[in-house]
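Listed below are the residues making up each chain.
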Amino acid sequence: QVDLVESGGGLVQAGGSLTLSCAASGRTFSTMGWFRQAPGKERDLLTAIRWSGSSTYYADSVKGRFTISRDNAKNTVYLQMNSLKPEDTAVYYCAAKKRLAVLKAHTYDYWGQGTQVTVSS
């Protein structure tokens, strides 16, 4: 059974920081990604990272503010979010992909339950 368990969401003031964690278990993955979905909007891919190597992808909306990283020993992926803005308010999802594909591809095989991030102005 594959499990992706996110943690670290919450309420933060604009300009602040949060770090999300995603603990993965159940099988090996080629790629991990973070998505977000705001009310009334589509779920968007923010960033992705390979489980091996150093390749990463960032959407323009978060480039320079968000950083994805992983700890292979803990099977955990992190999303460090800095300089948060009210428009970053959304439910954030961790996702995992079985097979290698283009990093910015939006198709993933497994999903976490989501964690709410709210940025107040």
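Right above here is the structure, for reference.
Scoring rules and cut-offs
- Residues numbered from 1 in each chain as written.
- Predicted model: local features only at pLDDT ≥ 70, side-chain atom pairs only at ≥ 80, totals over all residues.
- Heavy atoms only, no water.
- Phe/Tyr/Trp six-rings, centres within 6.5 Å; stacked < 30°, edge-to-face > 60°.
- Lys NZ or Arg CZ within 6 Å of the ring centre and 35° of its normal.
- Helix = DSSP H or I, 4+ residues; strand = E, 2+ residues; numbered from the N terminus.
- Contact = heavy atoms within 4.5 Å.
- Buried < 20%, exposed > 50% of the residue type's maximum accessible area, 1.4 Å probe, protein only.
- Polar contact = N/O pair within 3.5 Å; in protein donor to acceptor, adjacent residues only side chain to side chain.
- Disulfide = S-S within 2.5 Å.
- Salt bridge = Lys/Arg side-chain N within 4 Å of Asp/Glu carboxyl O.

### Description of the packing of aromatic side chains
Part 1 of the argument: Per the counting criterion, the structure on display carries 4 aromatic pairs.
Part 2 of the argument: One aromatic cluster is present, built from ring pairs that chain together Phe35, Tyr108 and Trp111.
Part 3 of the argument: Above the face of the Tyr93 ring, Arg43 is positioned so that its terminal group lies 3.8 Å from the ring centre.
Part 4 of the argument: The cationic tip of Lys97 hangs over the ring face of Tyr108; the distance from NZ or CZ to the ring centre is 4.3 Å.

### Focus on the environment of Leu45
Part 1 of the argument: Inspection of the secondary structure puts Leu45 in strand β5 (residues 44-50).
Part 2 of the argument: Residues Leu45 and Trp34, 11 residues apart in the sequence, show an inter-C-alpha distance of 6.2 Å.
Part 3 of the argument: Every residue in contact with Leu45, bar those within four places of it in the chain, is listed here: Trp34, Phe35, Tyr57, Ala59, Leu103, Lys104, Ala105, His106 and Tyr108.

### Re the side chain of Thr47
Part 1 of the argument: Assignment of secondary structure puts Thr47 in strand β5.
Part 2 of the argument: Since its relative accessible area comes to 0%, Thr47 is described here as buried.
Part 3 of the argument: Separated by 2.8 Å, the side chain of Thr47 and the backbone oxygen of Tyr57 make a polar contact.
Part 4 of the argument: Apart from the residues within four sequence positions on either side, Thr47 is in contact with Met32, Gly33, Trp34, Tyr57, Tyr58, Ile68 and Leu79.

### Digging into the state of the cysteines
Part 1 of the argument: Going through the model one piece at a time under the given rule, you end up with 1 disulfide.
Part 2 of the argument: Across a sulfur-sulfur distance of 2.0 Å, Cys22 and Cys94 are joined as a disulfide pair. Between Cys22 and Cys94, the S-S dihedral sits near -70°, and the bridge is therefore left-handed. Of the two residues, Cys22 is situated in strand β3 (residues 18-25) and Cys94 in strand β9 (residues 90-97); the sequence distance between them amounts to 72 residues.
Part 3 of the argument: Given a relative accessible area of 1%, Cys94 falls into the buried group.

### Quick notes on the pattern of salt bridges
Part 1 of the argument: Inspection of every chain in the model, using the stated rule, returns 3 salt bridges.
Part 2 of the argument: Of the charged contacts in the structure, one is a salt bridge between Asp60 and Lys63, with a shortest N-O distance of 3.2 Å.
Part 3 of the argument: The salt bridge involving Arg65 is made with Asp88; its shortest N-O contact spans 2.7 Å. With Arg65 in the loop between β6 (56-58) and β7 (66-71) and Asp88 in the loop between β8 (76-81) and β9, this pair connects stretches of sequence that are 23 residues apart. The pair Arg65 / Asp88 is uniform in exposure class, with both members buried.

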